[in-house]
Amino acid sequence: MSGPPTKGMILLEARSAILYEQLRSRIVGDKRDPCEISFYDFDDVGIRIVCQESSPNVVGVHLNIRNIAELKRMGAQEVIDRLYPGMETTPADGYNFAISFDCDAVADKEKFLDNVAEIRKNILGGPLDKAFGLLLAKQSANMAPMVVNNRPDEPMFVVENGGKIIVIFAVDFSDETDRTLAKVFLQEFEEVQRMYVRNAPPCLYSPAGNPPGELSRVTYTPKSTLAGFLSFSVEERHITGPGKNNAIALLTSFRNYLHYHIKSSKTYLHMRMRKKVAAWMLVLNRAKPEIETEKKTVSGKTFVMK
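Residues numbered from 1 in each chain as written. Predicted model: local features only at pLDDT ≥ 70, side-chain atom pairs only at ≥ 80, totals over all residues. Heavy atoms only, no water.

A. Expanded view of the overall build of the protein. Each helix and strand counted, the protein has eight helices and eleven strands in total. The C-alpha atoms of the protein give 28 Å as radius of gyration, which overshoots the globular expectation for 306 residues (19 Å, by more than 25%). When the backbone C-alpha atoms are referred to their principal axes, the protein occupies close to 105 × 55 × 35 Å. Counting over 306 residues, the protein shows a buried share of 42%. Counting only contacts in the protein whose residues sit at least 6 apart along the sequence, the fraction spanning at least 24 positions is 64%. Surface accessibility of the protein: about 17,500 Å² in total, with carbon and sulfur atoms responsible for 54%. Each charge sign in the protein was given a centre, from 40 positive and 37 negative side chains, and these centres are 9 Å apart. (Helix = DSSP H or I, 4+ residues; strand = E, 2+ residues; numbered from the N terminus. Rg over C-alpha atoms; globule rule 2.2 N^0.38 Å. Buried < 20%, exposed > 50% of the residue type's maximum accessible area, 1.4 Å probe, protein only. Contact = heavy atoms within 4.5 Å. Areas by Shrake-Rupley, 256 points an atom, 1.4 Å probe, with all protein chains shown as cover. Lys, Arg positive; Asp, Glu negative; His and termini not counted. Charge placed at Lys NZ, Arg CZ, Asp CG, Glu CD.)

Right, here's the structure in full:
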């Protein structure tokens, strides 16, 4: 049995580094020149920053998020109204959500900058924010199960069960090698949490052919490439105070976190394989016999064999 981990795995930031860097000079600083910057973030979220020449102090942030209407119905709209009050505006072509704000009118600049830089997490985590809020208010007993389709064929399920919020991830990989590594990672999550991380939400790995019992309350047909399910059982003590925002950040980035470390593991394995092959080639080259090209006659003369 392996011992406790000595070093934590890399966690991905909830905020967009590009969004944070581009807006910091405008919200906190005094940069006011026009700009138009487009890029992509995790979960295939397209982002566009627009500052018009006619009003360089006004910044528009446009996003293209999968199933935005569904997310709004499941709690994202309440998050938007709380963090970006009165800022929602008409998105540009190719985008389905946008906010606009005046940099000169922002009160708490640092806090607002963090909120905008984390806009992807805040919207995608709307269903979790709603579920955790009901749990803290002790009103989650009658909460309907939520199926969050942030990624194709990999929904996230949010279900209430016995005074807890169960967050279930369906993990699907089309590549067989990725699927095998994903199963190892998912099983290790359960083992490490059970043995060494007692304060974290309990997690349970379920094979693809044996889904968690909580999914009996929702309609879901898994694909043949499903690696399995990982369930997190979130209790009130896990989301008290700053724990709520931290839990939402970690859960919304879980799939990206898993994907990142699977790719990193494959890279490490390939490096080890190439190093091993190089060592074997060195041994084989040393073992290669030398072929004599010169021969001697009885009288001692030499001649070269052709």
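B. Layout of the side chain of histidine 238. With respect to the helices and strands, the residue histidine 238 is situated in the loop between strand 9 (226-234) and helix 7 (243-252). Exposure remark for histidine 238: the relative accessible area of 12% places this residue in the buried category. Polar side-chain contacts of histidine 238 include one of 3.0 Å to the backbone nitrogen of glutamate 235. Of note is the side chain of histidine 238, whose polar atom sits 3.4 Å from the side chain of arginine 237. (Polar contact = N/O pair within 3.5 Å; in protein donor to acceptor, adjacent residues only side chain to side chain.)

C. Spotlight on the pattern of salt bridges. Overall, the coordinates contain 22 salt bridges when judged by the stated rule. The residue arginine 151 makes a salt bridge to glutamate 154 at a minimum N-O spacing of 3.2 Å. Taken together, the shared-partner salt bridges connect Asp41, Asp43, Arg120, Arg151, Glu154 and Arg255 into one network. (Salt bridge = Lys/Arg side-chain N within 4 Å of Asp/Glu carboxyl O.)

D. Layout of the packing of aromatic side chains. By the definition in use, this model includes eight aromatic pairs. A centroid spacing of 6.1 Å and a plane angle of 85° characterise the contact between phenylalanine 169 and phenylalanine 232, whose relative ring orientation is edge-to-face. Remark: phenylalanine 232 occurs in strand 9 and phenylalanine 169 occurs in strand 7 (residues 165-172); sequence separation between them is 63 residues. The pair phenylalanine 169 / phenylalanine 232 is uniform in exposure class, with both members buried. With centroids separated by 5.6 Å and ring planes inclined at 75°, the aromatic side chains of phenylalanine 232 and phenylalanine 254 adopt a geometry described as edge-to-face. With phenylalanine 232 in strand 9 and phenylalanine 254 in helix 8 (residues 254-287), this pair connects stretches of sequence that are 22 residues apart. (Phe/Tyr/Trp six-rings, centres within 6.5 Å; stacked < 30°, edge-to-face > 60°.)

E. Inspection of the pairing of strand 6 (residues 156-160) at higher detail. Of all five residues in strand 6, five are buried, a share of seventy percent or more. A two-sided burial pattern is seen for strand 6, the buried positions comprising Met156, Val158 and Glu160 on one face and Phe157 and Val159 on the other. Judged from the three bridges that link them, strand 5 (residues 146-148) and strand 6 form a sheet pairing that is antiparallel. Looking across to strand 6, one finds that valine 147 is bridged to phenylalanine 157. By the bridge criterion, five bridges tie strand 6 to strand 7 in an arrangement that is antiparallel. In the strand pairing of strand 7, valine 159 is matched with isoleucine 166. Count of turn residues in the strand 6/strand 7 antiparallel hairpin: four residues, of which glycine 162 carries a positive phi of about 60°. (Pairing = 2+ DSSP bridges.)

F. Structural detail: a nonpolar patch on the surface. Taken together, the side chains of Val277, Trp280, Met281 and Leu284 make up a nonpolar region of the molecular surface, amounting to roughly 430 Å² of accessible area. For valine 277, a relative accessible area of 43% gives the class partly exposed. (Patch = residues over 30% accessible without salt bridge, like charges linked within 9 Å, V, L, I, M, F, W, Y side chains within 5 Å.)

G. Looking closely at helix 8. Compared with the 50 Å implied by 1.5 Å per residue over 34 residues, the 50 Å span of helix 8 between its first and last C-alpha is a close match. When helix 8 is considered as a whole, its buried residues turn out to be Phe254, Arg255, Asn256, Tyr257, Leu258, His261, Ile262 and Lys266. (Expected span 1.5 Å × (residues − 1).)

H. Here's a closer look at the packing of helix 2 (residues 68-83) against helix 5 (residues 126-136). Relative to each other, helix 2 and helix 5 sit at 85°, their axes nearing to 7 Å. By the angle between their axes, helix 2 is roughly perpendicular relative to helix 5. Note on element contacts: helix 5 touches helix 2 through Gly126, Pro127, Asp129 and Lys130, opposite Leu71, Arg73, Met74, Gly75, Ala76, Val79 and Arg82. Residues belonging to the contact of helix 2 with helix 5 are distributed by class as follows: five nonpolar, two polar and four charged. (Axes fitted to C-alpha atoms, helices over the stretch in contact; angles between N-to-C directions. Parallel < 35°, antiparallel > 145°, perpendicular 65-115°, else oblique. Nonpolar A, V, L, I, M, F, W, Y, C, P; charged D, E, K, R; others polar.)

I. Spatial organisation of helix 5. Along helix 5, the residues classified as buried are Gly126, Pro127, Leu128, Asp129, Ala131, Phe132 and Leu135. Lysine 138 sits one or two positions beyond helix 5 and adopts a positive phi of about 60°.

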